[in-house]
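Examining the three-dimensional arrangement
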Amino acid sequence: MSNESGWRIALSALLIAGLLTGDAAGRVVRHPGPADVQRIGEPAARWHLRYATEPATADITHRVVPAAGNQAWLFVTGEGRPGTSLLHWNTSGWNPVGSLPGQLKKAEYIDVSDSASGDAVLVINHVPDEWDDSTEHLWQFSGGRWTHHRPRHLDWTGDFAVVGRNDVWLAQGGGPDGPPPDMVHWDGTALRRHTPPEATDLAVVAAAGPDDVWVVDDRGWPRMLHWDGGRWSVAPLPCTPALARRGCHGRPFLSRLSGLAAGSRNDVWAVGPGWADGARPVVLHWNGVAWNQVKLDVNHHTGLVAVRTDPVGGVWIAANPADGTPYVLNLRNGEWTRSALPRSGPPAHIVDIAPAPGTTHLWVQAQHGDGPGKTSLIYELQ
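Here the structure is a predicted model, which is why all the values come from computation and not from measurement. (Residues numbered from 1 in each chain as written. Predicted model: local features only at pLDDT ≥ 70, side-chain atom pairs only at ≥ 80, totals over all residues. Heavy atoms only, no water.)

From N to C terminus, the protein includes two helices and 31 strands. Sorting the 382 residues of the protein into buried and exposed places 49% on the buried side. For the protein, restricting intrachain contacts to residue pairs at least 6 apart in sequence, the fraction spanning at least 24 positions comes to 42%. (Helix = DSSP H or I, 4+ residues; strand = E, 2+ residues; numbered from the N terminus. Buried < 20%, exposed > 50% of the residue type's maximum accessible area, 1.4 Å probe, protein only. Contact = heavy atoms within 4.5 Å.)

Another aspect to go through is the sheet that holds strand β18 (residues 212–217). Pairing is antiparallel in the open sheet, where four strands are placed in the order β17-β18-β19-β20. Only two strands of the sheet have a single neighbouring strand rather than two, namely β17 (202–209) and β20 (232–235). Neighbour to neighbour, the strand axes of the sheet diverge by 25° on average, direction disregarded. Pairing analysis gives five bridges linking β18 to strand β19 (residues 223–227), with the strands arranged antiparallel. What sits directly across from Trp-214, in β19, is His-226. (Pairing = 2+ DSSP bridges. Axes fitted to C-alpha atoms, helices over the stretch in contact; angles between N-to-C directions.)

What follows deals with the pattern of salt bridges. Taken as a whole, this structure holds eight salt bridges when the rule is applied. A salt bridge links Arg-50 to Glu-380, with the nearest nitrogen and oxygen atoms 2.9 Å apart. Of this pair, Arg-50 sits in strand β4 (residues 47–52) while Glu-380 sits in strand β31 (residues 375–381), and the two are 330 residues apart along the sequence. Relative accessible area serves as the criterion here: at 2%, Glu-380 is assigned to the buried category. In this structure, the salt-bridge partner of Arg-192 is Asp-187, at a minimum N-O distance of 2.3 Å. (Salt bridge = Lys/Arg side-chain N within 4 Å of Asp/Glu carboxyl O.)

Once that is clear, we can look at unusual backbone geometry. Note that the residue after Gly-272, namely Pro-273, is joined by a cis bond; omega there is -10°. Looking at where Pro-273 falls in the secondary structure, it is placed in the loop between β22 (267–272) and β23 (282–286). Of note, His-301 is a non-glycine position whose phi angle comes to about 55°, a positive value. Among the secondary structure elements, His-301 is positioned in the loop between β24 (291–293) and β25 (302–310). A residue is classified by how much of its surface remains accessible, and His-301, at 44% relative accessible area, is partly exposed. Despite not being glycine, Asn-333 shows a phi value in the positive range, around 55°.

It is worth spelling out the sheet that holds β24 at this point. Ordered by their spatial adjacency, four strands build an open sheet running β21-β22-β23-β24, and the pairing between neighbours is antiparallel. Strands at the two margins of the open sheet, each flanked by one partner only, are β21 (259–264) and β24. With strand direction ignored, the average angle separating the axes of adjacent strands in the sheet is 20°. Examined bridge by bridge, β23 and β24 share three bridges and lie antiparallel to one another.

Turning to the pairing of β17, a few remarks are in order. Counting buried residues in β17 gives six out of eight residues, a clear majority hidden from the surface. Two strands pair when backbone bridges link them, and β17 and β18 are joined in this way by six bridges, in the antiparallel orientation. By the bridge assignment for β18, Leu-202 is matched with Asp-217. Linking β17 back to β18 in an antiparallel pair, the connection comprises two residues.

Listed below in structure tokens is the structure:
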């Protein structure tokens, strides 16, 4: 054997030893290396500005809801004062909808969510009464028709997920100033309560069906609760103080989760926090067996405000860097890509995202400024 060959063998052994080390029991442990961090490509931007407001003199909220066939609905609400209008996007422009129920126009504010299939929209509106209290009403929009429901004992303060026309899950938040935490299922006829044991602050909910519901209990260190149609269980999360594993990507412990999306029983995603807190944000994936951390090439000082899934469009994540241009991440066909908001106009931050059902298009709601004087921007990414 030549000296050169001997040096090559020795060098290879040193490199392998640098990646593989033995623990006290003699097992081989592989340390995370650069290959463990998933790289992100930069596709050509295909942004289209579909809606923009002049700086508002009042606090007005815009919520875009995709529909089938590249159509969309836009709810415009004056927060804290009655007044809601609805616009319909038919691929060529926005048109006002004149048949909006009168009660929706009385709402102080509304909360809107759509089903992943685009066949149903659920609106929870808060209507003031003569005692200056608010009453919750459920309105469902499907097949071009509005249906009103007035469920009893609905004291809703949290997130909700619409699976389909007759499958809606609502997380009653809890917390020190709210009603007791609870999960409520709406089957199109009545509310049924499925209270998780020892829940304290139900923050974010996602569902893939009536027997596959996820909710984040966000008091202290977050817990992931799962409903399988018969009982609640706790699915352990990585990178929490009790279960922290070596190699948590960018932060010692898991922080507050801001987004949750359930594509199927074996494909659930969680992201957070929603603000740039100085540590690298967290992306988690449930593969049907366990929650695992997805190590993405995302900079520190970045907030992840939302995650959404679509069978055709893939997984979408909205990101707001503390310094730099907001962008969306997309996982499709096993590859991640990043698309930054157009830089023309005033700087904005992403508020929410919504995939167009069954397509590769994404609706992106952005905003410049906060409170009175803010500007709302609605983009379509194709």
